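Each chain, written out:
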Amino acid sequence: MSKLNRDILYMIFEELRDNNNVLYSCLSVNKTWSEIIVPILWKDPWKFLKRKKEKGKILFNVIIPHLSEESKNYFNENLKNAYERPSFYYIGFCRHLNLNAVQWIINTAEEESDMKIIKNEVIKLFINENTRFTHLYIPRQFDHQLNLIPGAKRCFSKIEFLSCNTCISDNTLMGLIEICKSIGELELYIEKYNNNHDISKLIESSKKLVNVRFEPNYFNYFNNSNKNESFYTLIENSLNKHASNVQCFKITEPPVTRIFSSFVNLKRLELNGYARGTLWNCLENVCLPYLQILKASRIPLKVLISLIEKTNGYLNEISIDYIFHDEFYNRRILQTIYKKCPNLLYLKLLIKNINISELEKLLINCRYLIGLCVLVSIYGEFDWDKLFLTLTRSSSQSLFKFKFNISHKIPIKLNTLKLFFDNWKGRNPMSLGFFQTDEVKEKYIDLIEAYKIEGIIKDFNYWHRHPLEVFKWN
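So, a few notes on the structure that sits alongside this text. Everything numeric in this text was worked out from a predicted model, so none of it was measured.

Scoring rules and cut-offs
Here the residue numbers are simple positions, counted from 1 along each chain's written sequence. Totals for whole chains, interfaces and linings use all residues, but because this is a predicted model, local features are given only for residues with pLDDT of at least 70 and pairs of side-chain atoms are given and counted only at 80 or more. Only hydrogens and water are set aside when side-chain values are computed; all heavy atoms of the structure are taken into account. In this description a helix means any DSSP run of H or I spanning at least four residues, a strand means any run of E spanning at least two, and both kinds are numbered starting from the N terminus. Burial here depends on accessible area, computed with a 1.4 Å probe over protein chains only, as a share of the maximum for the residue type. Under 20% is buried, over 50% is exposed, and the range in between is partly exposed. Whether two residues are in contact is decided by their heavy atoms, any of which lying within 4.5 Å being enough. Reported accessibility uses the Shrake-Rupley method at a 1.4 Å probe radius. Residues are deemed covered only where the shown protein chains occlude them. This arc is built from the directions going out from the helix axis to the C-beta atoms. As a rule, the C-alpha atoms of each element are fitted with a line to give its axis, helices using only the stretch in contact, and angles between N-to-C directions run from 0 to 180 degrees. Note on angle classes: values under 35 degrees are labelled roughly parallel, values over 145 roughly antiparallel, values of 65 to 115 roughly perpendicular, and the remainder oblique. Crossing handedness follows the turn of the near helix against the far one: under a right angle anticlockwise gives a left-handed crossing, and clockwise gives a right-handed one. Polar here means any residue outside two lists: the nonpolar Ala, Val, Leu, Ile, Met, Phe, Trp, Tyr, Cys and Pro, and the charged Asp, Glu, Lys and Arg; Gly therefore counts as polar. The salt bridge definition used is simple: a Lys or Arg side-chain nitrogen within 4 Å of an Asp or Glu carboxyl oxygen. We call Phe, Tyr and Trp rings a pair once their centres come within 6.5 Å, taking the six-membered ring for Trp, and we label the pair stacked below 30 degrees between planes, edge-to-face above 60, and tilted otherwise. The criterion for a charge sitting over a ring is simple: Lys NZ or Arg CZ within 6 Å of the ring centre, and within 35 degrees of the ring normal. Side-chain atoms within 4.5 Å are what join buried Ala, Val, Leu, Ile, Met, Phe, Trp, Tyr and Cys residues into a set we call a nonpolar core. Where each domain begins and ends is defined by an automated method or by a domain database. Here a polar contact means two N or O atoms within 3.5 Å. Within protein one must be a hydrogen donor candidate and the other an acceptor candidate, and residues neighboring in sequence count only if both atoms are side-chain atoms. Between any two strands, at least two bridges found by DSSP are needed for them to pair.

**Some words on the overall build of the protein chain**
Next up, step 1: Looking only at helices and strands, one finds 18 helices and 14 strands in the protein chain.
Next up, step 2: Of all 474 residues assigned to the protein chain, the portion counted as buried reaches 53%.
Next up, step 3: Considering only residue pairs separated by 6 or more positions, the protein chain has 71% of its internal contacts joining residues 24 or more positions apart.
Next up, step 4: Of the roughly 23500 Å² of accessible surface on the protein chain, a fraction of 49% belongs to carbon and sulfur atoms.

**With respect to helix α17 (residues 414-423)**
Next up, step 1: Regarding α17, the residues found buried are Thr-416, Leu-417, Phe-420 and Phe-421. Along the axis of α17, the buried positions cluster into a sector of 135 degrees, meaning they face one direction only.

**Let's talk about the packing of helix α1 (residues 6-15) against helix α3 (residues 31-43)**
Next up, step 1: Taken N-terminus to C-terminus, the directions of α1 and α3 make an angle of 40 degrees; their axes are 10 Å apart at the nearest point. What the angle tells us is that α1 and α3 run oblique. Two packed elements cross with a definite hand, and for α1 against α3 that hand is right-handed. Residues Arg-6, Leu-9, Tyr-10, Phe-13 and Glu-14 of α1 lie in contact with α3, whose contacting residues are Thr-32, Trp-33, Glu-35, Ile-36, Ile-37 and Ile-40.
Next up, step 2: Its residues assigned to classes, the contact of α1 with α3 comprises seven nonpolar, one polar and three charged.

**Focus on the pattern of salt bridges**
Side-chain pairing between opposite charges can occur once the charged atoms of the two side chains come close.
Next up, step 1: Enumeration over the complete set of coordinates arrives at 23 salt bridges.
Next up, step 2: A salt bridge links Glu-187 to Arg-213, with the shortest nitrogen-to-oxygen separation between them at 3.2 Å. A residue pair is termed long-range when its members are at least 10 positions apart, and Glu-187 in strand β4 (residues 185-190) and Arg-213 in strand β5 (residues 211-216) qualify at 26 residues.
Next up, step 3: Glu-187 gets classed as buried once you look at its relative accessible area, which sits at 10%.
Next up, step 4: Taken together, the shared-partner salt bridges connect Lys-418, Asp-422, Lys-425 and Glu-454 into one network.

**Notes on the packing of aromatic side chains**
Next up, step 1: Inspection of the entire model under this criterion finds 26 aromatic pairs.
Next up, step 2: Here the aromatic residues Phe-382, Trp-384, Phe-388, Phe-402, Phe-404, Phe-420, Phe-421, Trp-424, Phe-434, Tyr-444, Tyr-451 and Phe-460 are joined through ring pairs into a cluster of three or more.
Next up, step 3: Geometry around Tyr-322 places Arg-298 over its ring, the cationic atom sitting 4.9 Å from the centre.
Next up, step 4: A cation sits over an aromatic face here: Arg-427 above Trp-424, 4.2 Å from the ring centre.

**A word on the environment of Thr-32**
Next up, step 1: You can see Thr-32 is positioned in helix α3.
Next up, step 2: Given a relative accessible area of 29%, Thr-32 falls into the partly exposed group.
Next up, step 3: A C-alpha to C-alpha distance of 7.7 Å links Thr-32 and Arg-6, two positions 26 residues apart in sequence.
Next up, step 4: Once residues lying within four places of it in the same chain are set aside, the contact partners of Thr-32 are Arg-6 and Leu-9.

**Details of the nonpolar core**
Next up, step 1: By size, the foremost hydrophobic cluster in this structure holds 138 residues, and its most contacted members are Phe-156, Phe-249, Phe-404 and Phe-421.
Next up, step 2: When residues in this core are grouped by element, the largest group, seven residues, is from α3.
Next up, step 3: When residues of this core are assigned to domains, at least three map to each of domain 1 (1-42) and domain 2 (287-473).
Next up, step 4: Not counting the four nearest positions on each side in its chain, Phe-421 is found in contact with Met-430, Leu-432, Leu-447, Ile-448, Tyr-451, Ile-456 and Ile-457.

**Quick look at the environment of Gly-184**
Next up, step 1: Looking at where Gly-184 falls in the secondary structure, it is placed in the loop between α10 (170-179) and β4.
Next up, step 2: Those residues in contact with Gly-184 that lie beyond four places of it in its chain are Glu-160, Lys-208, Leu-209, Val-210 and Asn-211.

**Concerning helix α7 (residues 99-107)**
Next up, step 1: Taken residue by residue, α7 has Leu-99, Ala-101, Val-102, Trp-104, Ile-105 and Ile-106 as its buried positions.
Next up, step 2: A side-chain oxygen of the first residue of α7 lies 3.0 Å from the backbone nitrogen of Asn-100; this N-cap is Asn-98.

**A word on the pairing of strand β13 (residues 430-435)**
Next up, step 1: When you tally the buried positions in β13, you get six out of six residues, the bulk of the element.
Next up, step 2: Here β13 shows a buried face lined by Met-430, Leu-432 and Phe-434 and a second buried face lined by Ser-431, Gly-433 and Phe-435.
Next up, step 3: Here five bridges tie strand β12 (residues 401-405) to β13, and the two strands are oriented parallel to one another. Bridge pairing links Lys-401 to Ser-431 in β13.
Next up, step 4: Bridge count between β13 and strand β14 (residues 457-463): six bridges; the pairing is parallel. In the sheet register, Leu-432 faces β14, and the bridge partner there is Phe-460.

Honestly, that's just the spatial picture; any functional story needs more than this.
If you want it as C-alpha cells, here you go:
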C-alpha cells in the first residue's frame, strides 16, 4: 500500500478524514503519507478537540510557533523560546476557521502572558493573504471588524458556511456583510433579547443560500418570555428572498410568517420543538413535494402526518422521536409512511405493541429500506418475539441495519434474541445497535460476540447515554 500513487492514497485518506486515530497512526509511515495526511487533518483541526483540555493544549503548542518574532514578544520570557519551528506550515492547510475553538484553546492554555493580546495575534495569524477559508464560526461575544484586518477580503471571499449568534456586534457584522457574499450554508443561534437586526442584511447579501439553520440559544429556553416576533418576521422575510433556492432548513420554533409555503424546492427539513406543548399548526397545510429527509423531535404527529401526506414520494429518510402519542396516531403515522414513501431508506420511529402488524405492512411496501431504528416506550408491554419474527419474515434483502432502545423495564429474553439471529442466517449480515444501560449490555454481549464470529452480525454498537449521534446512520 505504501507504493500506491499519491492520487489513490489521497482518495483513501480523504475517506478516513473523520477518523483521526487512523490518520495519526499513518503519519509516521513515510514522508509521502505524511505530506498527504497533514493537509487533511488540518483542513478542520478543531473538530477533533471535543472540549478536551489536553487536546487543546497540544493544538495551542502547534499554532504558537507560527507566530512572528514580534508577536512572540507578548509571551513571558520562559515561554518565548520554548516552541520549536514546525515541520509544516499547518496554518496554510486550514479551511475551517473556528474562532470559538481558538478562543477556547487560548483560555485553557494556562499561560501567564496577556491572553487577550495573544488571541488577537493568533487571529491575525490565521487571517492573511495566503489563506482561503470556506467555513467560519464566530463566537457570541466576538467584536472584531474583520474587514479591516490585512488580507481579510481575500481570506473570506470564498466562505461557504457561516455560524454566528444573532446578538453579533455591529463591528463584526459590518465586516461579514461586506466580505462574505458566497455563503451557501448559514447557522444562526437566535437570542430572545439584544438581537442585531442587521442580520437580515447578511441574509439578503448572500448570492446562493441553500442551507439554513435557526438554532436556539439554549439558555433562553429556561425562561418563559415570548419570543421577539418582530425580529423573527424580519429574518424570515429576508430568507424568503432565497426561498426557491433553499433546499435544507432547520428550525426550533414555529415561524412567525408563512415561510414554509415558500420553500417549494426544499429537500431536507429538521424540526426540533424545544418548547414542549407547541402545536406547530403552521405545518398542517404546507406542501413540500420534493422533500427527501424529515427529522422531527417533539413535534405532534398530527401535523407530521399532514406534512408527509403532501409529499410526492421522494422521502427516503424519516426520524421522529420525543413526542408522546397514543396508539391511534402511532398507527396513522405508520400507514401514512408506507402509503406515501415507497423509496424510504431509513426510518426511526416509536412502535406501539399493538401496531407491529402495521410495521410489517411498512416493511412489505418500503422495499428499499436499509436501516430501521425501533424506539420502544418504557410504559406498557412490548412483544419482542413478535417484532423479531416480523423482521425476519417481511424484511427486504436491502434491510440490514437495526437499532433498538432497550431498558430493564422491557428487556429482551436471551432466547428471543438468539432466535432472531438464527433466523437471520443466510441474509446480509446485520449492523446492530442498542441504546441501553450497562446492565443490559452485560446480559447480551457474549451472545452478540458469538454471532459476530459466525458472520451473522457484521458489527455492533451500544450507547449508555443518548448523545445526538446515537441514531445517525453511516
